[in-house]
Amino acid sequence: MEGNDFEPIIVTFCCNWCSYAGADLAGTSRLQYPPNIRIIRVMCSGMVHPNLVIDALTKGADGVLVCGCHPGDCHYIDGNLKAEKRAEAIELMLEDFGLEPERFRLEWVSASEGPRFAQVVTEMVEQVKSVGPSPYRT
Amino acid sequence: MPVKVAEEWLNICGGCEVSILDIGEPLLDLLPELEFVHMPVLMDHKYFGQTGEGTELEIPEADIGIISGGVRNEKEKHVAEEMRKKTNTLIALGSCASFGGIPAMANMWTLEELYDKVYRGSKTTESADTPSENLPPLLDRVYAVDEVVNVDVSIPGCPTNPDLIVEALTCLLEGKPFELPEKSVCDDCPVKREKKADIGQIKRPLESMEFKQGEPWENTRCFMELGYLCLGPVTRSGCARTIDGGVKVPRCVQGYMTCRGCFGPIRKGANPLVDMLGAISSIGLNPREVIDRRALLNRYIGGQKRLRPLPKRPAR
């Protein structure tokens, strides 16, 4: 699993209203992006509690990507802003669990941004590949 | 016929035993029904026979076994296993037995790092070899009792509330199950909560609290809202005691201190560190201001793999 052969598993939380549709658009537009992500559809990025992120990272995932609507576009008005506030706390938790900050990323992807979704995923996979497998992975 | 009780202390300060004595008058009602057959803290009962004639560690059979303290070395592991074999119902008493307790903060480092720090690295210590003769070897980390043997009843607390010991023993004598409710200390806390936001900065833990003694509890502001980090929201309730006036007040709050989290996570599998940091960031506090987050939010619960040496980062 070392070096170039390492294929990370990245758990991706996509909000139902923007990012999941964006991911869908990337698929229907036949955009190419690495197959390392596992998308979990959630109603809002604001419901992704830090517990979910830390659990994913300590129980087998190499990275976590959270995608939500652009600020101001949230279906629930301010869910994505809550996610943004939490992101900082999540970075601290990563530190406390001895994980690299590169393993977590919060991105805004709207329903029309299929290419952006593909680009974010490509970047994220590169980023996680550069830090290697999660130390919690057995 | 009285119920036989065996009590054993492992990696512990002895505070939980004091808590048993602190039961006070209810103990007088309980005592006729209990017969202590083994209790190193109170009575002379040796492991290998009274004159050392035995070859195997032996603890007399008992109906109820009480273990306080976590498991740190081979001897304690052996004693815990023997206790499990000889007792029908095993109680883990106190935070050390239930979650590892204060000593389990050492789980943040490997055994080699600890030895180096204690016997060689510390400036006030003369450098020496790690002692190995006539001492049971340490285990790789501090374990909670339930990681080593099955535990039937767990009574957390540092030290635990004497009322809880009575409650648990009474339940066992009557054949009823004993379980703490799955709710937080805040659910039991009578203080006044106004609004969550507008707290500003987290105060330093030693800054003294402003309060009016004798003020009714419902007029006292929530300590968290005053800016003191209180572990109440992520800690299991059960410590609250009824005081004058019939109000139930958590024990630390009663002394105008914030909750320190000795009752452990609200439910099995919860992670107070993650929950607490998530909570304080969502009410507008800066989680970066929490000093020594990892140790502070895992102060009593470092066993059960909650605290472990940080994985080594690859050199980059």
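Note that the coordinates shown come from a computational prediction; the quantities given were computed from them, not determined experimentally.

Visitor: Got a minute to help me understand the overall build of chain A in this structure?
Guide: Across its full length, chain A holds 4 helices and 4 strands. Shown N-terminal to C-terminal, the secondary structure of chain A runs as helices and strands in the order β-α-β-α-β-α-β-α. Expected size for 138 residues packed as a compact globule is a radius of gyration near 14 Å; at 14 Å, chain A falls within 12% of this value. Its C-alpha atoms give chain A principal-axis dimensions of roughly 40 × 35 × 15 Å.

Visitor: What exactly am I supposed to notice about the nonpolar core here?
Guide: Here is a general trend for soluble globular proteins: nonpolar side chains tend to be buried in one another's company. Core analysis: the biggest nonpolar cluster contains 118 residues, and A:Ile10, A:Cys15, A:Val64, A:Met93, B:Ile67, B:Ile91 and B:Val145 have the highest contact counts within it. With 8 residues, the single largest contributor to this core is helix 4 (residues 114–131) of chain A. Residues from two domains meet in this core; each of domain 1 (3–108 + 133–174) and domain 2 (182–305) of chain B gives at least three. The residues contacting A:Ile10, other than those within four sequence positions of it, are A:Asn36, A:Ile37, A:Ala61, A:Asp62, A:Gly63, A:Val64, A:Leu65, A:Met124, A:Val125 and A:Val128.

Visitor: Mind showing me how you'd approach helix 7 (residues 162–174) of chain B here?
Guide: The periodicity of an α-helix, 3.6 residues per turn, causes residues three or four places apart in sequence to face the same way. All names here are of chain B. When the terminal C-alpha atoms of helix 7 are compared, their 18 Å separation across 13 residues agrees well with the 18 Å that a helix rising 1.5 Å per residue should span. Taken together, the buried positions of helix 7 are occupied by Leu164, Ile165, Ala168, Leu169 and Leu172. With its buried residues spanning 130° around the axis, helix 7 presents them on a single face. In this fold, the buried residues of helix 7 make contact with helix 1 (15–21), helix 2 (25–30), strand 3 (62–68), strand 5 (87–93) and strand 7 (153–155).

Visitor: What's the story with the interface of chain A and chain B in this structure? I'm lost.
Guide: In this assembly, 16 residues from chain A lie in contact with 16 residues from chain B. Sorting the residues of the side of chain A that touches chain B by element identifies helix 2 (50–58) and helix 3 (79–96) of chain A as the ones contributing at least two each. Among the elements that make up the side of chain A that touches chain B, the one with the highest residue count is helix 3 of chain A (8 residues). Across the side of chain A that touches chain B, the residue classes break down as 6 nonpolar, 4 polar and 6 charged.

Visitor: What is the right way to read the domain arrangement of chain B from this model?
Guide: Size of an interface: often given as the accessible area lost when the parts come together. Residues and elements named next belong to chain B. With domains assigned, chain B is organised as domain 1 (3–108 + 133–174) and domain 2 (182–305). Facing the 21 residues of domain 1 at the interface are 16 residues of domain 2. Of all the elements in the fold, those that place two or more residues in the side of domain 1 that touches domain 2 are helix 4 (94–99), strand 6 (138–143) and helix 7. The dominant element in the side of domain 1 that touches domain 2, judged by the number of residues it contributes, is helix 4, at 3 residues. Of the residues contributing to the side of domain 1 that touches domain 2, the split by class is 11 nonpolar, 8 polar and 2 charged.

Visitor: I would appreciate a short explanation of the sheet that holds strand 1 (residues 3–9) of chain B in the present structure.
Guide: One key point about sheets: their strands pair by backbone hydrogen bonds, in either a parallel or an antiparallel sense. Residue and element names in this part refer to chain B. Reading across the sheet, the 5 strands line up as 2-1-3-5-7 and stay open at both edges, with parallel pairing between neighbours. Bordering the open sheet on either side are strand 2 (34–38) and strand 7, each of which pairs with just one other strand. Strand after strand, the sheet turns through a mean of 30° between neighbouring axes, direction not considered. Here strand 5 runs beside strand 7; their pairing, made up of 3 bridges, is parallel. Looking across to strand 7, one finds that Ala92 is bridged to Ser154. Packing of helix 3 (residues 74–86) onto the sheet brings it into contact with strand 1, strand 3 and strand 5, and relative to strand 5 it is tilted by some 135°. The strands touched by helix 7 are strand 1, strand 3, strand 5 and strand 7; relative to strand 7, the strand with the most contacts, the crossing angle is about 165°.

What counts and what doesn't
Residues numbered from 1 in each chain as written. Chains lettered and ligands numbered in written order. Predicted model: local features only at pLDDT ≥ 70, side-chain atom pairs only at ≥ 80, totals over all residues. Helix = DSSP H or I, 4+ residues; strand = E, 2+ residues; numbered from the N terminus. Rg over C-alpha atoms; globule rule 2.2 N^0.38 Å. Core = buried A, V, L, I, M, F, W, Y, C linked by C-beta atoms within 7 Å. Buried ≥ 20, exposed ≤ 12 C-beta atoms within 10 Å, placed from the backbone. Domains from an automatic or database assignment. Contact = placed C-beta atoms within 7 Å. Expected span 1.5 Å × (residues − 1). Arc of directions from axis to C-beta. Nonpolar A, V, L, I, M, F, W, Y, C, P; charged D, E, K, R; others polar. Pairing = 2+ DSSP bridges. Axes fitted to C-alpha atoms, helices over the stretch in contact; angles between N-to-C directions.

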